[in-house]
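Summary of structural features
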Amino acid sequence: MLSQNHNKQSSFQLIFIMLLFLIIVVMSVMIILHGQKIYESINEDRSYNYEKRVSLSYIANKVRQADRENSIRIENSGDIQSLVIRELYDGDYYETWIYFYNGGLYELFAGEGIPFNPDDGMKIMDVDSFSIERLNNKLYKFTAGYDKYNAELIINVNSGQSRGAL
């Protein structure tokens, strides 16, 4: 009789230990799956932030490189608003046009005076919208839209810009 009680108690202990082990395994799998979702969310946010920073950093670098008097202006060609940067290379003037077209930020490098055709530009990156606003003589705001969010860059141009320039 004592042996039978010992076997029942031993069986109960084995079942209890196996049940605890099963609970630990199930909880571990749930934690791993939850961690995977958190990792994916963080990775998406990081990628989104990278895209925001890259497009506006690109604009900021272009403006800072061309920060000379009357070298930067805003042009409206039809419904396309463009940032136009005028530069001198080997004695000839060239223009870099940066604009929003067909769901992306584009750049066109052409000789000064060549008619602007948005199809000739090269796509820099995908954005949902892009706008340029002159806040005052030396302060400008660039806005790039991504999905339902907008990223803004406000930049100070150190050189004086005359009327008609950016």
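All of the points below concern the structure found in this document. (Residues numbered from 1 in each chain as written. Predicted model: local features only at pLDDT ≥ 70, side-chain atom pairs only at ≥ 80, totals over all residues. Heavy atoms only, no water.)

This part covers the nonpolar core. Membership of the largest hydrophobic core comes to 23 residues, with the highest contact counts inside it found for Ile-59, Val-63, Leu-83 and Phe-142. Of all the elements in the fold, those that place two or more residues in this core are helix H1 (2-65), strand S2 (80-89), strand S6 (129-134), strand S7 (139-146) and strand S8 (149-156). The element best represented in this core is H1, accounting for five residues. Leave out the neighbours within four places in its chain, and Ile-59 touches Leu-83, Ile-98, Leu-105, Phe-130, Phe-142 and Leu-153. (Core = buried A, V, L, I, M, F, W, Y, C linked by side-chain atoms within 4.5 Å. Buried < 20%, exposed > 50% of the residue type's maximum accessible area, 1.4 Å probe, protein only. Helix = DSSP H or I, 4+ residues; strand = E, 2+ residues; numbered from the N terminus. Contact = heavy atoms within 4.5 Å.)

The backbone phi angle of Asp-90 is positive, close to 50°, even though this residue is not glycine. The exposure class assigned to Asp-90 is exposed, which follows from its relative accessible area of 82%. The phi dihedral of Asn-102 is positive, around 50°, even though this residue is not glycine. Structurally, the position occupied by Asn-102 is in the loop between strand S3 (92-101) and strand S4 (104-111).

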